[in-house]
Amino acid sequence: MTQTGAVSGSIRAEKRHPLIGATVHGVDLREPLDSATLKTVHALWMEHLLLVFPGQRISDEQHIAFGERFGSLEIHPSVAHRSSRNAAIYRVSNVDEAGNIVPPTDSAWQYLNQSWRWHTDSSFREIPSMGSILHGIEITSEGGNTLFANMYAAYDALLPDMKSRIAGLWVIHAHDYIIRTAPELAAKKDRGTYDDLPPVRHPLVRVHPVTGRKSLFLSPHTMVTIEGMPETEARALLDELIAHATDEKFVYRHVWAPDDVIMWDNRCTMHSVEPFDNRRTRRIMHRVTLVGEGAPVPA
């Protein structure tokens, strides 16, 4: 890691990747953030898109309190993955609350397995998430790393002809698409219990409400089609953009350490999880998800 020189009081940030991600030192997430610390952390978040707070052995309640300093928290539509103690905690885990590994045949795991695909959290909502904060409670030694892509940089790197081609396009997103495109889950009669969420439309290129920068808004696991475009052409265009945006030059690969807490901006990033042996290897992550400030603004 290289130091960025970003220092405020005892807070220090070090870059993780040239385009995305920084480690933040000097913040204890067990304690309430005062207004000066909150302002510094927010500025670093806007600069780096993703912040890593290492060695944060926090409770779910402390996790929630930290998230609430940045806004209201979502309740995830998948009922099976909500914590029984705190509904705002989304359990990104192949281990149930009794401590047992969830079998791959279970609907709950087959739904969660879709996080192995590239996506943006809550892209299926009319007002998508502002950001997410994930706590690594039990981590893997092989696989299970998380990849994050800088969607500002992906947009900026497009050729002028492509930028013109995608200007003004709208994409249909649907929560049900996650289920329909999961082969094992789609074949089941009992696919689990979810909040009812109708399809929504979002701009393919959006403007960040804080930075004013343009970025691609892609979320492969919820993108059904492009509005007003033939299906084959729409799918080909989306696939081309996904391949471009996930090129390694735009991507930071996070290898988890125990009690890492990662905070990322869903308005300008996309992420996925590297596969791991979910039948034998335990992986427990708890996430809070920040409610968005409004519908995405088209570029």
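Since we're looking at a predicted model, the values are computed, not measured.

Asks: Tell me about the overall build of the protein chain, residues and numbers included.
Replies: In terms of helices and strands, the protein chain carries eight helices and 17 strands. Taken over C-alpha atoms, the radius of gyration comes to 19 Å for the protein chain, in line with the 19 Å a tight globule of 299 residues would show. Dimensions along the principal axes, computed over C-alpha positions, put the protein chain at roughly 55 × 45 × 35 Å. Going through the 299 residues of the protein chain one by one, you find that 56% of them count as buried. When contacts within the protein chain are restricted to residue pairs at least 6 apart in sequence, those whose partners lie at least 24 apart make up 80%. Accessible surface for the protein chain amounts to roughly 12900 Å². Of this, 52% is attributable to carbon and sulfur atoms. Across the protein chain, the mean location of the 31 positive side-chain charges is 1 Å away from that of the 36 negative side-chain charges.

Asks: Which residues make up the environment of Pro 275, and what are the values?
Replies: On the secondary structure map, Pro 275 appears in the loop between β15 (269-273) and β16 (284-290). The exposure class of Pro 275 is exposed, given its relative accessible area of 54%. On a C-alpha basis, the gap between Pro 275 and Arg 117 in space is 9.5 Å, while along the polypeptide they are 158 residues apart. The residues touching Pro 275, leaving out its near neighbours within four places in the chain, are Trp 116, Gly 143 and Gly 144.

Asks: An account of the pattern of salt bridges is requested, with residue identities and associated values reported.
Replies: For the structure shown, the criterion picks out 16 salt bridges. Between Arg 12 and Glu 14 there is a salt bridge; the shortest N-O distance is 3.1 Å. Arg 12 gets classed as partly exposed once you look at its relative accessible area, which sits at 29%. Among the ionic pairs, Arg 57 bridges to Asp 259, the shortest N-O distance being 3.2 Å. Of this pair, Arg 57 sits in the loop between β4 (50-53) and α2 (60-68) while Asp 259 sits in the loop between β13 (251-254) and β14 (261-265), and the two are 202 residues apart along the sequence. Among the residues examined, Arg 57 registers a relative accessible area of 68% and is labelled exposed. Residue classification places Asp 259 among the buried positions, given a relative accessible area of 10%.

Asks: A description of the sheet that holds strand β10 (residues 205-207) should follow, citing residues and the corresponding values.
Replies: Note on sheets: strands pair through backbone hydrogen bonds, and any given pair is parallel or antiparallel. Strand order across the open sheet formed by three strands is β11-β10-β17, with antiparallel pairing between neighbours. Edge strands, defined here as strands with exactly one partner in the open sheet, are β11 (214-216) and β17 (297-298). With two bridges joining them, β10 and β17 adopt antiparallel strand pairing. Pairing of Arg 206 across the sheet is with Pro 298, part of β17.

Asks: Which residues make up the confidence of the model for the protein chain, and what values do they have?
Replies: Across the protein chain, the average pLDDT comes to 92, with 93% of residues at 70 or higher. This stretch, residues 1-7, has a pLDDT under 50; its non-local contacts, to residues over four places away or in other chains, come to 19 contacts.

Asks: So what's going on with the nonpolar core? Which residues, and what values?
Replies: Core analysis: the biggest nonpolar cluster contains 28 residues, and Ile 166, Leu 204, Leu 216, Leu 218, Ile 226, Leu 237 and Leu 241 have the highest contact counts within it. A total of six residues in this core trace back to one element, the largest contributor, which is helix α8 (residues 231-245). Once residues within four sequence positions are removed from consideration, Ile 166 is found in contact with Tyr 155, Leu 158, Leu 204, Val 205, Leu 216, Leu 237 and Leu 241. In terms of nonpolar packing, the next biggest core, distinct from the first, is built from 27 residues, Leu 44, Leu 51, Phe 53 and Ala 88 among them.

Asks: Can you tell me about the sheet that holds β13, naming the residues and giving the values?
Replies: Strand order in this open sheet of three strands is β13-β7-β15, and the pairing throughout is antiparallel. Edge positions in the sheet fall to β13 and β15, since each has one partner strand and no second. If you compare each strand with its neighbour and ignore which way they point, the axes differ by 20° on average. As judged from the five bridges shared by strand β7 (residues 146-150) and β15, these two strands associate in the antiparallel manner. Paired with Asn 150 across the strands is Thr 269, a residue of β15.

Analysis parameters
- Residues numbered from 1 in each chain as written.
- Predicted model: local features only at pLDDT ≥ 70, side-chain atom pairs only at ≥ 80, totals over all residues.
- Heavy atoms only, no water.
- Helix = DSSP H or I, 4+ residues; strand = E, 2+ residues; numbered from the N terminus.
- Rg over C-alpha atoms; globule rule 2.2 N^0.38 Å.
- Buried < 20%, exposed > 50% of the residue type's maximum accessible area, 1.4 Å probe, protein only.
- Contact = heavy atoms within 4.5 Å.
- Areas by Shrake-Rupley, 256 points an atom, 1.4 Å probe, with all protein chains shown as cover.
- Lys, Arg positive; Asp, Glu negative; His and termini not counted.
- Charge placed at Lys NZ, Arg CZ, Asp CG, Glu CD.
- Salt bridge = Lys/Arg side-chain N within 4 Å of Asp/Glu carboxyl O.
- Pairing = 2+ DSSP bridges.
- pLDDT = per-residue confidence, 0-100.
- Core = buried A, V, L, I, M, F, W, Y, C linked by side-chain atoms within 4.5 Å.
- Axes fitted to C-alpha atoms, helices over the stretch in contact; angles between N-to-C directions.

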